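Next come the chains, spelled out residue by residue.
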Amino acid sequence: MIHYKELGLVNTKDMFKKAMSGGYAIPAYNFNNLEQLQAIIMGCLESKSPVIIQVSKGARDYANQTLLRFLAQGAMEIVKASEHPIPVALHLDHGDSYELCVSCIESGFSSVMIDGSALSYEENVALTKKVVDFAHKYDVTVEGELGVLAGIEDEVSHEKSHYTDPDDVEDFIKRTGVDSLAISIGTSHGAYKFKLKPGEEVPPLRFDILEEIEKRIPDFPIVLHGSSSVLPEYVKIINNNGGDLEGAVGVPEDQLRKAAQSAVCKINIDSDGRLVVTAMIRKEMKDNPKNFDPRKYLGPAREELKKMIIQKNRTVLGSADRA
Ligand SMILES: [Zn+2]
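First, a word on what this report is: a plain description of the structure on this page. Note that this is a predicted model, so its numbers are computed, not measured.

1. Section: the packing of aromatic side chains
Evaluated as defined, the whole model comprises three aromatic pairs. Look at Phe 134 and Tyr 138: their rings are 5.2 Å apart centre to centre, the planes differ by 50°, and that puts the pair in the tilted class. On the accessibility criterion, Phe 134 (10% relative accessible area) is buried. Given a relative accessible area of 27%, Tyr 138 falls into the partly exposed group. Taken together, the ring pairs in this structure connect Tyr 98, Phe 134 and Tyr 138 into an aromatic cluster. Lys 258 extends its terminal NZ or CZ atom over the ring of Phe 207, reaching a point 4.0 Å from the ring centre.

Following this line, the structure appears as structure tokens:
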């Protein structure tokens with residue numbers, strides 16, 4: 001067993017406390033490879049933002065769990081050696097079993113999500129509590145989920161969303177002991193968040209449900225998943241360079257900014273990063289057909305992703321200059 005504190009990581013407790021009182025949210029960016037992790041760490045160091053780097057089950061299957069953990073460990077050495085170190089949490093995104101959460105905690109994760117949202121309410125409570133009981137022995141924080149998000153994210157896929165029922169939240173956090181709660185108020189996983197008819201606008205997030213939840217559990221950290229804006233400029237680059245993402249649409253950034261100012265303390269952004277990387281690789285490959293050096297297209301993709309992260313931290317999350 002390696003404990004996250006040995007790696008220089010932090011859990012989410014203090015981060016969320018400061019985000020709550022400061023009226024901003026901590027960015028949670030997913031990584032699956034070296035370039036994404038470099039972009040996240042360099043972008044957050046440059047914008048002086050606390051950050052949650054997160055790994056999904058799919059990422060562990062893709063990149064190898066041991067390698068991912070050592071990548072994160074290596075990133076921490078860069079953070080520690082920098083002029084202005086930032087707090088970093090290493091988080092499991094959408095943990096689907098007790099065993100997976102335990103394995104992550106034992107390999108140095110400082111935070112885990114146990115997603116029991118597809119189970120019955122009582123089963124969700126029981127599974128979440130079991131993970132919390134183990135995690136808290138090691139001072140690892142746990143994110144639970146109530147309500148179901150639509151869309152596809154790695155192996156998590158749901159046709160329709162079910163908004164979180166404010167009547168459940170108080171009972172859930174009391175009985176499970178979770179440290180934060182992911183809720184469903186209209187965000188969605190993936191790049192096709194809303195099916196819009198021509199001329200139709202993106203429906204606003206259900207801030208009424210969020211407000212009701214805040215009333216029931218004041219000052220409790222809330223998490224939003226599926227919160228990419230599906231940045232139109234990158235969708236355009238993809239479509240102009242041989243891609244086909246017609247109708248891709250996300251959550252407008254002003255809505256996310258508004259959410260960040262409330263009890264929402266963590267905002268998950270994955271699809272936007274994927275879009276940026278794909279856009280730049282498509283463009284570089286089309287512009288430079290003679291190149292066969294991966295660094296020549298992965299490098300610009302990494303640079304653009306870093307720029308996106310700095311921009312998100314500054315204008316959407318409000319987390320820049322908070323570390
Ligand atoms: Zn998610």
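2. Digging into the pattern of salt bridges
With the rule as written, the count across this model stands at 20 salt bridges. Here Lys 306 and Glu 46 are joined by a salt bridge, their closest N and O atoms 2.9 Å apart. Linking Lys 306 in helix H13 (residues 294-317) with Glu 46 in helix H3 (residues 34-46), this pair joins segments that are 260 residues apart in sequence. Between Asp 270 and Arg 274 there is a salt bridge, with the nearest N and O atoms lying 3.2 Å from each other. Overall, the relative accessible area of 11% leaves Asp 270 in the buried class. A single network of salt bridges, built from pairs that share partners, joins Asp 167, Glu 212, Lys 215 and Arg 216.

3. What about the packing of helix H6 (residues 98-106) against helix H7 (residues 121-137)?
Between H6 and H7, the shortest axis-to-axis distance is 10 Å and the interhelical angle comes to 20°. With respect to H7, the element H6 is oriented roughly parallel. When the axes of H6 and H7 are compared, the crossing they make is right-handed. The residues of H7 that touch H6, namely those facing Tyr 98, Cys 101, Val 102, Ile 105 and Glu 106, are Leu 127, Lys 130, Val 131, Phe 134 and Ala 135. Looking at the contact of H6 with H7, its residues break down into eight nonpolar, no polar and two charged.

4. What about the environment of Ile 217?
Along the chain, the position of Ile 217 falls in the loop between helix H9 (207-216) and strand E10 (222-224). For Ile 217, a relative accessible area of 4% gives the class buried. Residues Ile 217 and Ile 114 lie 103 residues apart in sequence; the distance between their C-alpha atoms is 20 Å. Excluding anything up to four places from it in sequence, Ile 217 contacts Val 169, Glu 170, Ile 173, Leu 181 and Ile 222.

5. Details of H13
Between its first and last C-alpha atoms H13 spans 32 Å; for 24 residues at 1.5 Å apiece the expected length is 34 Å, and the two agree. Of the residues flanking the start of H13, the one acting as N-cap is Asp 293, its side-chain oxygen 2.9 Å from the backbone nitrogen of Arg 295.

6. A few points about the pairing of strand E3 (residues 88-95)
Judged by how many residues are buried, E3 sits mostly within the fold: eight of eight residues are covered. Summarising the sheet, strand E2 (residues 51-56) and E3 pair through six bridges and their orientation is parallel. Across the sheet, the residue bridging to Ser 56 is Asp 93, located in E3. Note: E3 against strand E4 (residues 111-114), three bridges, orientation parallel. Note that in E4 the partner of His 91 across the bridge is Ser 111. Between E3 and its parallel partner E4, the chain crosses via H6, and the hand of that crossover is right-handed.

Thresholds, definitions, all that
- Residues numbered from 1 in each chain as written.
- Predicted model: local features only at pLDDT ≥ 70, side-chain atom pairs only at ≥ 80, totals over all residues.
- Heavy atoms only, no water.
- Phe/Tyr/Trp six-rings, centres within 6.5 Å; stacked < 30°, edge-to-face > 60°.
- Buried < 20%, exposed > 50% of the residue type's maximum accessible area, 1.4 Å probe, protein only.
- Lys NZ or Arg CZ within 6 Å of the ring centre and 35° of its normal.
- Salt bridge = Lys/Arg side-chain N within 4 Å of Asp/Glu carboxyl O.
- Helix = DSSP H or I, 4+ residues; strand = E, 2+ residues; numbered from the N terminus.
- Axes fitted to C-alpha atoms, helices over the stretch in contact; angles between N-to-C directions.
- Parallel < 35°, antiparallel > 145°, perpendicular 65-115°, else oblique.
- Left-handed = near helix turned anticlockwise from the far one by under 90°.
- Contact = heavy atoms within 4.5 Å.
- Nonpolar A, V, L, I, M, F, W, Y, C, P; charged D, E, K, R; others polar.
- Expected span 1.5 Å × (residues − 1).
- Polar contact = N/O pair within 3.5 Å; in protein donor to acceptor, adjacent residues only side chain to side chain.
- Pairing = 2+ DSSP bridges.
- Right-handed = clockwise from strand over helix to strand, strands pointing away.

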